Amino acid sequence: MFPIVSTDPGVTRQVLADDPALMLVAFRFTEGAEGKLHRHVHVQSTFVQAGRFLFTIDGAETEIGAGDSLMIPSNVVHGCRCLAAGTLIDSFAPRRDDFL
């Protein structure tokens, strides 16, 4: 079992599974918490396990809730704000070695 790590105020991260080609990570948010705008080389898919989130991807906003998902291409600036406390399950390809 991987440890739970605090990443930003109101946000935690826990690696669920990893392989050099792919990584699965749970991000848990309190209402109002933000995943700051950032970019990385990894392709990312995000599944909303619970809660509601406003994502900004390459300057465009998208609101998603439980059961929804989206894709974030490599090197695209993105971030989110939690509208209702919840959990995101993110996949990264290849693995985010900086999370280990």
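Anyway, here's the lowdown on the structure attached to this text. Source: prediction; values computed, not measured.

**Details of the side chain of arginine 13**
Thought 1: With respect to the secondary-structure elements, arginine 13 resides in strand 2 (residues 11-19).
Thought 2: There is no salt bridge for the buried arginine 13, and the closest opposite charge comes from aspartate 98, which lies 6.1 Å off by N-O distance.
Thought 3: With near-sequence residues (within four places) excluded, arginine 13 lies in contact with Pro3, Ile4, Val5, Thr7, Val25, Ala26, Phe27 and Phe99.

**Concerning the nonpolar core**
Thought 1: Val25, Phe27, Phe29, Phe53, Phe55, Leu88 and Phe99 are the most contacted members of the largest nonpolar core, which has 20 residues in total.
Thought 2: Those elements giving two or more residues to this core turn out to be strand 2, strand 3 (22-29), strand 5 (43-57), strand 7 (69-72) and strand 8 (78-93).
Thought 3: For phenylalanine 27, the residues in contact, after removing those within four places along its chain, are Val11, Thr12, Arg13, Gly86, Thr87, Leu88, Asp90, Phe92 and Phe99.

**Topic: the pattern of salt bridges**
Thought 1: If you walk through the whole model with that rule in mind, you get 5 salt bridges.
Thought 2: A salt bridge links aspartate 18 to arginine 95; its shortest N-O distance comes to 2.9 Å. With aspartate 18 in strand 2 and arginine 95 in the segment after strand 8, this residue pair connects regions lying 77 residues apart in the sequence.
Thought 3: According to the relative accessible area criterion, aspartate 18 is partly exposed, its value standing at 30%.
Thought 4: Put simply, glutamate 63 and arginine 52 hold a salt bridge, and the shortest N to O gap is 2.7 Å.

The rules behind each value
Residue positions are given per chain, counting from 1 as you read along its sequence in written order. In keeping with the predicted nature of the model, local features appear solely for residues at pLDDT of at least 70, side-chain atom pairs appear and are counted solely at 80 or more, and the whole-chain, interface and lining totals rest on all residues. For side-chain calculations, the full set of non-hydrogen atoms in the structure is used, while hydrogens and water are omitted. Think of it this way: any DSSP run of H or I at least four residues long counts as a helix, any run of E at least two long counts as a strand, and we number them from the N terminus. Buried, partly exposed and exposed residues are distinguished by accessible area as a fraction of the type maximum, computed with a 1.4 Å probe on protein chains only: under 20%, between the cut-offs, and over 50%, respectively. Residues scored as positive are Lys and Arg, those scored as negative are Asp and Glu, and His as well as the terminal groups of each chain are ignored. Should a side-chain nitrogen of Lys or Arg be within 4 Å of a carboxyl oxygen of Asp or Glu, the pair is scored as a salt bridge. Only heavy atoms matter for contacts: two residues are in contact if any of them lie within 4.5 Å across the pair. The set of buried Ala, Val, Leu, Ile, Met, Phe, Trp, Tyr and Cys residues whose side-chain atoms join them within 4.5 Å is what this entry labels a nonpolar core.

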